[in-house]
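Overview (structure and organization)
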Amino acid sequence: MHVADVLLESMEREGLLTVFGIPGSANLGLYEKIPDHKVNVILMRHEQGAAHAADAFGRVKRNVPGVAFATSGPGATNLVTGLANAYMDSAPMIAITGQVPMAVMGRDAFQETDVVGVTMPITKHSFLVRDPEHITWAIRAAKVISITNRPGPVLVDIPRDFWKVDVDFYWPSDEELLREWIPGYDPNPPKPSPDLIMKAAKIVVQAENPVILAGGGVWWSGATPEVLKLAEVLMAPIVTTLMGKNAIPADHPLYLGHAGMHGRPEANYALYNADVVIAIGTRFSDRTVGNFEEFKKGKKIIHIDIDKSEVGKNIEPDVGIVGDAREAVKMLREYIVDALNFKRDMEIPLIKKAKEFGEQAWEVLLRERGRGMKPWKVLKIVREEMPRDSIVTTGVGGHQMWAALHYPVYKPGTYLTSGGLGTMGYGFPAAIGAKAAAPDKPVLDIDGDGSFLMTSQNLATVKQYNLNVGVLIFDNGSLQLIRQWQDLFFGHRRVGENLAYLPDFVKLANSFGIEGVRPESYDEMRKAIRRVAQGEALVIDYIVDPDIMVLPMIAPGKVIAPENIILTPEQAAGIVV
Amino acid sequence: MEQETYVIKFSIYAAVDGGLDGLARAIHVVRKAPVQFHDMAVIDSGKTKEITLRVSGKKKDIDWLAKKLEKVVEVLEVKVQAMPTEVSLMILHQ
Ligand SMILES: Cc1ncc(C[n+]2csc(CCOP(=O)(O)OP(=O)(O)O)c2C)c(N)n1
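Starting from 1, residues in each chain are numbered consecutively following that chain's sequence as written. By the order in which they are written, chains take letters starting at A while ligands take numbers starting at 1. Per-residue local features are limited, in this predicted model, to residues with pLDDT of at least 70; the limit for side-chain atom pairs, both in listing and counting, is 80 or more; totals at the level of whole chains, interfaces and linings are taken over all residues. Hydrogens are left out, water is left out, and the side-chain values use all remaining heavy atoms of the structure.

1. Overview of the overall build of chain B
To keep things clear, this is the line we draw: In DSSP terms, a helix is any run of H or I states spanning at least four residues, a strand is any run of E spanning at least two, and both are numbered starting from the N terminus. Computation of the radius of gyration draws on C-alpha atoms, with the globule rule given as 2.2 Å multiplied by the number of residues to the power 0.38. Three labels apply to residues, based on accessible area from a 1.4 Å probe with only protein chains included: buried if under 20% of the type maximum, exposed if over 50%, partly exposed otherwise in between.
Across its full length, chain B holds three helices and four strands. Walking chain B from its N terminus toward its C terminus, one meets helices and strands in the order β-α-β-β-α-β-α. The C-alpha atoms of chain B give 13 Å as radius of gyration, which agrees with the globular expectation for 94 residues (12 Å, within 12%). With the C-alpha coordinates of chain B rotated into their principal frame, the extents come out at 40 × 20 × 20 Å. Out of the 94 residues belonging to chain B, those deemed buried represent 44%.

Right under this line is the structure:
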């Protein structure tokens, strides 16, 4: 069997049937064989988009990584941002790149890049396949590594002279694979230590104001029901990180919202004032707590994470539990309820205080300001019109923070945002990847004009494959979040934020054969969103005043204390970052 | 906190590709750790490469580095040993 067939057959066996990519001379031998297999290749218009689409596919499917194909050299290097993005957000994906022939490797052959070398620090693992017989092993290993434990991207680089080499198809068993190919990798999550769980349980039952901080790991481990049950036993609030927003249904009565730099005031209030924080599946990003030392003061931290190198990395916990979140949280609840006989009937007092604080803050935050339709009102319409299980993706910038603040997520796994890397351009190809993963769900990309421009060429892909997604562009003619930082913290010196000569987004969409609208009232906005909810591909150009700052905000480096929450631009005067 | 010198020993599985990629991956991890790098020895041991790494730093950071190294797919086993103070001072003063 030709190596190209072996690769495609391996992908079929592993259920890797959806690929996003662009062909080139180093993988044409592979493309040649695609018609003979069930693998479906979606042509993206830039490899960065292929990587983001594969990342989003994996985020939605969770146990099936998305796959990106690229040729050697520029094709492979164009994947780099997407791989780094998937790595930072622990999203499972596999990149399969063509490489120059073995015989010329290392000699600066045409379109040669050492992509394995380039991507080593931003992939969970990578293989340069040096022997045509190794293809099945590499694909099997790539799949298992990408989805197990803490998920992440894996790259497989294959010299182009292999494609037509004849080999016997050999399918290694799971056991053989682990023993002979990746003996250093254990696909099973570490078992949480019962002693540490008991220690944590004792701390939790003595706490007056425990707060649960849920991160993206809660989604990866499928721990949502366990986290909710734990909260219900403790009658304690759940706040999330930006990534954790994807894991907790916002209409749960104990949910207070996401915390962090642009977190909801009630969530930051609760997290900051907790006496015990139970952090689950989060790496304690600086964007979530602001300042590690100050955050830690006066509270005990229980940190549960599958990755032992995360425990104690940013914050030294009082109890660090390494293990799968679902299992560890279940054990913790059982110890609390069964061994320590503990269950609370009334909400902890901090919830009321946090909500009161939040109410006062929102009264200031939601005052009429700026011209035109207000972001929070538009997002309210979005939530009302989009079905509960629709998928929303975002770009990076002010619009992303508006969405985090005002778009409640009801179904876990339906909110895809670039949290760790903060990659402008993620939202639109991610929407395409999400649509390919969940064709029956409406998908909306909430994007910025700057972010959308970075990957908007993939409008052609939407049209070509009927991957109908909507795009709601916050068209403010500006890199608004940059402008906001410049106004607040850099002496009002607006440099390099003005997006002059933007295209007419309606015409841009039309030129790709896609409809576009520019709503002028909330009513028209509702009608447009409804079209997306009904499954139409539609670009919605939402003209928004660039001077409406996205608030609340906490200045970088400041802890998430209530007194540091900026509710009005004036409050930021004099802050040096 | 005291800076001390440690020896980190680990093996890299080398049966598939000779172990260079695993070694490069491990070096990437060491590069980003908040420790001072002194030296490294690599010994071929058939299916594995045995690495001895000498670094100085806070115990907490050294332990973190060891955990990060354990995550490298090719890495089989990681051991951390503190160096006797005299040897450690000698290295630091060199
Ligand atoms: C690829 C990339 N380049 C630069 C940045 C820095 N950055 C963060 S937010 C932002 C502005 C984003 O503008 P836009 O997408 O229009 O969103 P808005 O803030 O206007 O809502 C920039 C440039 C980034 N996050 N990603």
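2. Describing the nonpolar core
The tendency in soluble globular proteins is for nonpolar side chains to be buried as a group. All names here are of chain A. So the rule is basically this: Nine residue types can take part in a nonpolar core, namely buried Ala, Val, Leu, Ile, Met, Phe, Trp, Tyr and Cys, and a core is a set of them joined through side-chain atoms within 4.5 Å. Two residues form a contact once any of their heavy atoms are found within 4.5 Å.
Counting residues in each nonpolar core, the largest one holds 164 residues, and the members touching the most others are I278, F295, I302, I336 and L472. Contacts of I302, omitting those with residues within four sequence positions, involve A200, I203, V204, V276, V277, I278, A279, V319 and I321. In terms of nonpolar packing, the next biggest core, distinct from the first, is built from 38 residues, V3, L16, V19 and Y31 among them.

3. Re the side chain of H125(A)
Checked against the element boundaries, H125(A) lands in strand β5 (residues 125–128). When sequence neighbours within four positions are dropped, the list of residues in contact with H125(A) reads I145(A), P153(A), V154(A), L155(A), R25(B), V73(B) and E74(B).

4. Examining the interface of chain B and chain A
For an interface, size is often stated in terms of accessible area lost upon the parts coming together. Operational definition: Two parts placed together each lose some accessible area under a 1.4 Å probe, and the buried area is that loss summed for both. Counted as salt bridges are all cases of a side-chain nitrogen of Lys or Arg within 4 Å of a carboxyl oxygen of Asp or Glu. Two N or O atoms form a polar contact when they lie within 3.5 Å of each other; inside protein one atom must be a possible hydrogen donor and the other a possible acceptor, and for residues adjacent in sequence the pair counts only when both atoms belong to side chains. For this scheme, ten residues count as nonpolar: Ala, Val, Leu, Ile, Met, Phe, Trp, Tyr, Cys and Pro. Four count as charged, namely Asp, Glu, Lys and Arg, and the remainder, Gly too, count as polar.
Taken together, the contacts link 17 residues of chain B with 26 residues of chain A. Of all residues in chain B, V16(B), R25(B) and V73(B) give up the largest surface area on contact with chain A, accounting jointly for 33% of the area buried on that side. Where chain B packs against chain A, one counts three salt bridges. Where K71(B) meets D307(A), a salt bridge forms, and the shortest distance between an N and an O atom there is 2.5 Å. At the boundary of chain B and chain A, one finds six residue pairs in polar contact (both at pLDDT 80 or more). The element that contributes the greatest number of residues to the side of chain B that touches chain A is helix α2 (residues 59–71) of chain B, accounting for six residues. Among the residues making up the side of chain B that touches chain A, the classes are represented as seven nonpolar, one polar and nine charged.

5. Quick notes on unusual backbone geometry
All names here are of chain A. Looking along the chain, the bond that leaves L551 and enters P552 is cis, with omega of 10 degrees. Considering the arrangement of structural elements, one finds P552 in the loop between β18 (538–543) and β19 (553–554). If you check the backbone angles, R62 has positive phi at about 70 degrees while not being a glycine. Topologically, R62 is positioned in the loop between α3 (47–61) and β3 (66–70). Of note, S90 is a non-glycine position whose phi angle comes to about 55 degrees, a positive value. A relative accessible area of 7% means that S90 is categorised as buried.

6. A closer look at the domain arrangement of chain A
All names here are of chain A. What counts here: Just so you know, the domain bounds were taken from an automatic or database domain assignment.
According to the domain assignment, chain A contains domain 1 (3–181), domain 2 (194–355) and domain 3 (370–547). A straight line from the C-alpha centre of domain 1 to that of domain 2 covers 37 Å. At the junction of the two partners, domain 1 supplies 12 residues and domain 2 supplies eight residues. Both sides together, the interface formed by domain 1 and domain 2 hides about 910 Å², and carbon and sulfur atoms give 58% of it. Summed over the shared surface of domain 1 and domain 2, the result is two salt bridges. One salt bridge connects D307 with R150, and the closest N-O pair in it is separated by 2.9 Å. Inspection of the domain 1/domain 2 interface yields five residue pairs in polar contact (both at pLDDT 80 or more). The element best represented in the side of domain 1 that touches domain 2 is α3, accounting for three residues.

7. Quick notes on a nonpolar patch on the surface
Residue and element names in this part refer to chain B. What counts here: Residues with no salt bridge and a relative accessible area higher than 30% make up the patches, which join like charges within 9 Å and nonpolar side chains (Val, Leu, Ile, Met, Phe, Trp, Tyr) within 5 Å. Using the Shrake-Rupley algorithm and a 1.4 Å probe, accessible areas are obtained, with residue cover drawn only from the displayed protein chains.
A cluster of nonpolar residues, I27, F37, M40 and V42, forms a patch on the protein surface that exposes about 310 Å² of accessible area. Counting residues per element, the nonpolar patch draws most heavily on strand β2 (residues 36–45), at three residues. Within the element layout of this structure, V42 appears in strand β2. For V42, a relative accessible area of 38% gives the class partly exposed.

8. A look at the site of the ligand
Residues and elements named next belong to chain A. Our working definition: Summary of the distance rule: residues count as near a molecule or strand when at least one heavy atom falls within 4 Å of that molecule or strand.
Close to the ligand lie 17 residues; G398, G422, D449, G450 and S451 are nearest. The separation between an oxygen atom of the ligand and a polar main-chain atom of Q480 is 2.9 Å. For the ligand, the accessible surface in isolation is 590 Å², of which the surrounding protein chains cover 77%. Looking at the shell around the ligand, the elements that each hand over two or more residues are α18 (398–406), α20 (449–455) and α22 (480–489). In the shell around the ligand, the residues fall into six nonpolar, 10 polar and one charged.

9. Topic: the pairing of strand β13 (residues 391–394) of chain A
All names here are of chain A. Which entries qualify depends on this criterion: Note on pairing: DSSP must find at least two bridges between two strands before they are called paired. Clockwise travel from the first strand over the helix to the second, with the strands pointing away from the viewer, marks a crossover as right-handed.
Where burial is concerned, the two faces of β13 agree: the one with I391 and T393 and the one with V392 and T394 are both buried. Pairing between β13 and strand β15 (residues 443–448): four bridges, direction parallel. If you follow V392 over to β15, its bridge partner there is L444. Handedness of the β13-α18-strand β14 (residues 415–416) crossover: right-handed.

10. Focus on the UniProt feature "domain: Thiamine pyrophosphate enzyme N-terminal TPP-binding" (unreviewed entry) in chain A
Condition: UniProt positions are given in the numbering used here, feature names are shortened, and annotations may be inferred rather than shown by experiment.
Listed under "domain: Thiamine pyrophosphate enzyme N-terminal TPP-binding" (unreviewed entry) in the UniProt record, and renumbered for this structure, are residues 1–116 of chain A. From the first C-alpha to the last, residues 1–116 of chain A spans 26 Å; its make-up is 39% helix and 17% strand.

11. Comments concerning the packing of aromatic side chains
Residues and elements named next belong to chain A. Here is the rule: Any two rings among Phe, Tyr and Trp, with Trp reduced to its six-membered ring, count as a pair given centres within 6.5 Å; such a pair is stacked if its planes are under 30 degrees apart, edge-to-face if over 60, and tilted if neither. As a reminder, the over-ring test applies to NZ of lysine and CZ of arginine, requiring each to be within 6 Å of the ring centre and within 35 degrees of the ring normal.
Per the counting criterion, the structure on display carries 14 aromatic pairs over all chains. Centroid distance F20 to F57: 6.2 Å. Interplanar angle 65 degrees. Geometry classified as edge-to-face. Remark: F57 occurs in helix α3 and F20 occurs in strand β1 (residues 18–21); sequence separation between them is 37 residues. There is no split in this pair, since F20 and F57 are both buried. Taking the ring centre of W219 as reference, the NZ or CZ of R62 above it sits at 3.7 Å. Directly above the ring of Y415 sits K245, whose terminal nitrogen or CZ lies 5.2 Å from the centroid.

12. Some remarks on the confidence of the model for chain A
Note the cut-off: Per residue, pLDDT measures the predictor's confidence, with a range of 0 to 100.
Taken as a whole, chain A shows an average pLDDT of 97; of its residues, 100% reach a score of 70 or greater. Ranking the elements of chain A by mean pLDDT puts helix α13 (residues 286–289) of chain A last, at 91, and helix α19 (residues 427–437) of chain A first, at 99.

13. Examining the packing of helix α11 (residues 224–234) of chain A against helix α15 (residues 325–339) of chain A
All names here are of chain A. Just so we agree on the cut-off: Orientation is described by axes fitted as lines to C-alpha atoms, over the contacting stretch for helices, and by angles from 0 to 180 degrees between their N-to-C directions. In what follows, roughly perpendicular refers to angles from 65 to 115 degrees, roughly parallel to angles under 35, roughly antiparallel to angles over 145, and oblique to any angle outside these ranges. It is the rotation of the near helix from the far one that decides the hand of a crossing: anticlockwise by less than a right angle makes it left-handed, clockwise makes it right-handed.
Two elements in contact, α11 and α15, have axes whose closest approach is 9 Å; the angle formed by their N-to-C orientations is 25 degrees. Between α11 and α15, the angle falls in the class roughly parallel. Of the two possible hands of crossing, α11 and α15 adopt the one that is left-handed. Contact residues: α11 offers E226, V227, K229, L230, V233 and L234, while α15 offers R326, V329, K330, L332, R333, I336 and V337. Residue classes in the contact of α11 with α15 are distributed as eight nonpolar, no polar and five charged.

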